[in-house]
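# Structural characterization, general
Each chain, letter by letter, is given below.
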Amino acid sequence: MKITPQEISHVADLARLHMSREELEAMALQLDDILNYVAKLNELDTESVTPTTHAISITNAFREDVVKPSLPRDKALANGPKQNGEAFVVPRVI
Amino acid sequence: MSLHRLTIHELREMLDGRQVSAVELTRDVLQRIEKVEDRVKAYITLDPEGALKRAEASDAELKKGTGGPLCGIPFSIKDVLCTDGMRTTCGSRILENFVPPYDATAIVKLKAAGAVLLGKVSMDEFAMGSTSENCAFGPPRNPWDTEYICGGSSGGSAASVAADECIASLGTDTGGSIRQPASHCGVVGLKPTYGRVSRYGLVAFASSLDQAGPLTKDVTDCALMMNVISGHDAKDSTSVDQKVPDYRIALTEGLQGTKVGIPREYFIKGLDPEVETAVRQGINSLREAGAEIVEVSLPHNDYCVAVYYIVAPAEASSNLARYDGVRYGFRDRSSDTLLDIYKNSRSFGFGDEVKRRIIIGTYALSSGYYDAYYKKASQVRTLITEDFKKVFETCDVLASPVTPTPAWKLAEKIDDPLSLYLSDILTISANLAGIPGISVPCGFSSAGLPIGLQIQASHFQEEKLLRAAYNLEQRMNISHLRPKNL
C-alpha cells in the first residue's frame, strides 16, 4: 500500500489541520512506514476475538442525578480567547 | 546539610521532629533549582513565592501536629495535570497561556496531604514522545549527562527528581512515560493500575491508557505517594472503587513464596548487552531475597507497538479535537471564518509529533479503515491482555528491562518516528492491559547512565509490585547515588 499526499490532504482536512506540500509529502512517507509496520497485526487470526474497549472490566458507573456545584460562568469563560461575559464569541457562522 | 538530596520519609521525620522547617526545606530546594536548572531545564513554570507561602502554612500545621503525610514536602508536577491558578501548558504552544480554573483530583489530594508545589515540569507535547524533545519550550536534559535525553514523556519529572530539584514528582504514563524516563534518570517511577488514580484534570492523550503516578527517589517514597493519590473519584467514572491499602506496610516482608516470572519475549533482539547484564543482576537479587524465578512467555508482546500506535493516536485524534481556538488556548487572530480559526489555530499551535499522531488516528478511524485498523488493534489488545492473565495465574510479578537501551544523545533519533516508537516495546503492554508497572534502578551503563528494572503485576496488585521493588532496592543499594558532575 502506498499512501498519497492527496490522501493525507483529505485526512488533514478532516482533522482541521493545514499542511504545506512538503509536510504532506513527508507525512505520506511516514504514515506509509507506520502502517506497513502495523500490517503485522494481520498475521493474527482475530475472527472470534472480542475487541478491548476498556482495560479493566467495569460496568456502567451510575450516580444520583442531582445538581452539584460546578464552575461559575466567569471562571469557565476566563480562558476564552474572545468572550463577552456570557458566551464564547466566534465569527458569524450562518 | 543538603536537604534537597533527602527522601520524603527522611524529611517527614525531620519536619515532625522540628529539626528543620518546611520553609527552610523549600528554600534549600529552590536554591538547588537556581544552581542547576540552566543545565537541566526541567521546569516550564516555577512558582517560588507560592511555594514559600505554602511552606509557611505547612509549618503552622506541623506546629499544631495536624500536618498530612506529605506536609512540607516540595513537589514538581508534570505540566499535563491541571493546577488551579498555575499555568498548565502540556508542553504545547496551543496551551502556552492556559491557566486552569481547577485542580486535577490527584493535585487536590497532594495538596490536602500538605505537599508544597514548586511548579510545573517539562514533557513531550501532550505526552506524545519518548525523549521530551517534543516539548515546545525546549527539552529537559538528563542530569547524569546533559548531552543525553532524560526520556519521556514525563522527562521533566524524572530529571527534576534525579537532579534534586524537587523531593518527588507526579507524572503520567500512557505507553511508558513514567517508567522509561525513571529508568533513564535512575529514579523510581510507578504506573498504577488503570483506574487506581483519578484522571480528572489530567489533560487527556489516550483516555483508555492514561494513568498518573509517582516519580520518587526511592520505593518507600513511591508507596507514600500512592497512599495519597489512589482511590475512587466520582469525577472520573473509570476510577475504581476499591479499598486503598497502606502500601508502605507491604514493603518490608521478604520475597519467600513469591514467584517472579521472566517474560522470554522481553529479552528481545536488539536488547543492549549492558542493559541485559544489569537486569539479570537485578533478577539475581530478587532470587537472593527469596523469590522463585521462572521463565514465562507473553507470546503477543511483539504486537504491542503496532496495537498502541493505532489505539493511542485514534483516541488522541478525538481528544485533541477540543483545541479549536474557541474556549481556551491559542486562537489565530487573523482568521475571519470559524473554519479558518480551527485550522490556523491548530496548525500553528500543535508541533510535528502531535500533528503526526492526529493524522494517524484520524486516518485509522476514517470511513472504510475502521475495521482494518482500530477494530483489529482492539482485538489484538485483547490477546495481549489474555497473555498477562495467563502468566499471573502462576506468577506474582514479572521482572524485565524497562527499555531496550540506556539513554541516547539528544537529537539522535528525532527524525525517525518509527524507530522511536519501537523503543517503547517493553512498556506499552502494561498500558494496553491496564496493569501496574514500576521502574527501579538496577545498574549503570559503561557511560555512567542509569538502567532500570521493570516489575509488573496483575491489576490492583501494587502491594506485590512494591514489595518486590523494595527488596530489589535494598539489595542493589544504589538508589541513593546521584549524578556527580551536576
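Scoring rules and cut-offs
Residues numbered from 1 in each chain as written. Chains lettered and ligands numbered in written order. Predicted model: local features only at pLDDT ≥ 70, side-chain atom pairs only at ≥ 80, totals over all residues. Helix = DSSP H or I, 4+ residues; strand = E, 2+ residues; numbered from the N terminus. Buried ≥ 20, exposed ≤ 12 C-beta atoms within 10 Å, placed from the backbone. Rg over C-alpha atoms; globule rule 2.2 N^0.38 Å. Contact = placed C-beta atoms within 7 Å. Nonpolar A, V, L, I, M, F, W, Y, C, P; charged D, E, K, R; others polar. Core = buried A, V, L, I, M, F, W, Y, C linked by C-beta atoms within 7 Å. Pairing = 2+ DSSP bridges. Axes fitted to C-alpha atoms, helices over the stretch in contact; angles between N-to-C directions. Right-handed = clockwise from strand over helix to strand, strands pointing away. Parallel < 35°, antiparallel > 145°, perpendicular 65-115°, else oblique. Expected span 1.5 Å × (residues − 1). Arc of directions from axis to C-beta. pLDDT = per-residue confidence, 0-100.

On to the overall build of chain A. Tallying secondary structure elements over chain A gives 3 helices and 0 strands in all. For chain A, the α and β elements follow one another from N to C terminus as α-α-α. Here chain A holds 94 residues, and 18% of them are scored as buried.

Of regular secondary structure, chain B possesses 16 helices and 11 strands. Its C-alpha atoms give chain B a radius of gyration of 21 Å, within 12% of the compact-globule value 23 Å for 486 residues. Counting only residues that meet the buried cut, chain B has 62% of its 486 residues in that class.

What follows is about the interface of chain B and chain A. If you look at the interface, chain B gives 54 residues, while chain A gives 42 residues. Of all elements in the fold, only helix H10 (304–319), helix H11 (338–349), helix H12 (352–365), helix H13 (371–391) and helix H14 (417–422) of chain B reach the threshold of two or more residues within the side of chain B that touches chain A. If one sorts the elements of the side of chain B that touches chain A by residue count, H13(B) sits on top with 11 residues. Here the residues of the side of chain B that touches chain A sort into 27 nonpolar, 17 polar and 10 charged.

Residue and element names in this part refer to chain B. Residue Ser 153 is reached from Gly 152 by a cis peptide bond, and omega for that bond is 10°. Inspection of the secondary structure assignment puts Ser 153 in the loop between strand S3 (116–121) and helix H5 (155–162). Its identity as a non-glycine residue notwithstanding, Phe 460 has a phi of 65°, on the positive side. Relative to the helices and strands, Phe 460 is located in the loop between strand S11 (450–457) and helix H16 (462–476). Under the C-beta neighbour-count criterion, Phe 460 is labelled buried, with 22 such atoms within 10 Å.

This part covers the nonpolar core. Ranked by size, the top nonpolar core spans 162 residues in total, and within it B:Phe75 and B:Val307 carry the most contacts. Here this core gets 11 residues from one element, more than from any other, and that element is H10(B).

Below, the discussion takes up the sheet that holds strand S5 (residues 188–191) of chain B. All names here are of chain B. With mixed pairing, the 11 strands of this open sheet are ordered in space as S1-S3-S2-S4-S6-S5-S10-S11-S9-S7-S8. Each edge of the open sheet carries a strand with a single partner, namely strand S1 (43–46) and strand S8 (292–296). Here the strands of the sheet are splayed against their neighbours by 30° on average, with no regard to which way each runs. As paired strands, S1 and S3 are joined by 3 bridges and run antiparallel to one another. Counterpart to Leu 46 in the pairing with S3 is Gly 119. Along the sheet, helix H7 (residues 219–229) makes contact with strand S4 (168–173), S5, strand S6 (211–216) and strand S10 (437–444), crossing S6 at roughly 145°.

For the rest of this paragraph, the subject is helix H4 (residues 105–112) of chain B. Residue and element names in this part refer to chain B. Along H4, the residues that are buried comprise Thr 105, Ala 106, Ile 107, Lys 109 and Leu 110. Along its buried surface, H4 packs onto strand S2 (74–78), S4, S6 and H7. Following H4 by one or two positions, Gly 114 adopts a phi angle in the positive range, close to 100°.

Moving on, we get to the pairing of S8(B). Residues and elements named next belong to chain B. Inspection of the sheet shows strand S7 (residues 259–263) paired to S8 by 5 bridges, in the parallel sense. Along S8, the bridge assignment pairs Ile 262 with Glu 295. With helix H9 (residues 273–288) bridging S7 and the parallel S8, this β-α-β connection has right-handed handedness.

Direction vectors running N to C along helix H1 (residues 5–14) of chain A and H12(B) enclose 95°, while the axes themselves pass 9 Å from each other. Judged by the inter-axis angle, H1(A) sits roughly perpendicular to H12(B). Along its contact with H1(A), which presents A:Ile8, A:Val11, A:Ala12 and A:Leu14, the element H12(B) presents B:Ile359, B:Thr362 and B:Tyr363. In the contact of H1(A) with H12(B), the residues fall into 6 nonpolar, 1 polar and no charged.

What follows concerns H9(B). Residue and element names in this part refer to chain B. With 16 residues, H9 extends 22 Å from end C-alpha to end C-alpha; this agrees with the ideal 22 Å at 1.5 Å per step. Residues of H9 that are buried: Val 275, Ala 278, Val 279, Gly 282, Ser 285 and Leu 286. Taken down its axis, H9 places every buried residue within 105° of arc, on the same side. Residues Pro 273, Asn 284 and Glu 288 are exposed on H9 and point more than 90 degrees away from its buried face. For H9, the elements touching its buried residues are S7, S8, strand S9 (397–401), S10, S11 and H16. Immediately beyond the C-terminal end of H9, within one or two residues, lies Gly 290, with a positive phi of roughly 110°.

Attention now moves to the confidence of the model for chain B. On average, residues of chain B carry a pLDDT of 97, and 100% of them reach 70 or more. Scored as a whole, the predicted complex attains pTM 0.97, and scored at its interfaces, ipTM 0.96.

Pairing geometry for S7(B) and S9(B), over 2 bridges, is parallel. Along S9(B), the bridge assignment pairs B:Gly261 with B:Leu398.

All right, on to the environment of A:Ala87 then. Inspection of the secondary structure assignment puts A:Ala87 in the segment after helix H3 (73–77). Residue classification places A:Ala87 among the exposed residues on the basis of 11 C-beta atoms within 10 Å.

All names here are of chain B. In this fold, Pro 441 is placed in strand S10. Overall, the presence of 27 C-beta atoms within 10 Å leaves Pro 441 in the buried class. C-alpha of Pro 441 to C-alpha of Gly 189: the two residues are 252 residues apart in sequence and 9.6 Å apart in space.

Further remarks concern the environment of B:Lys413. Residues and elements named next belong to chain B. Inspection of the secondary structure puts Lys 413 in the loop between S9 and H14. C-beta crowding within 10 Å serves as the criterion here: with 16 such atoms nearby, Lys 413 is assigned to the partly exposed category. Note: C-alpha distance between Lys 413 and Ser 439 (26 residues apart in sequence) is 23 Å. If near-sequence neighbours (up to four positions away) are discounted, Lys 413 is found in contact with Trp 408, Ser 419 and Leu 420.

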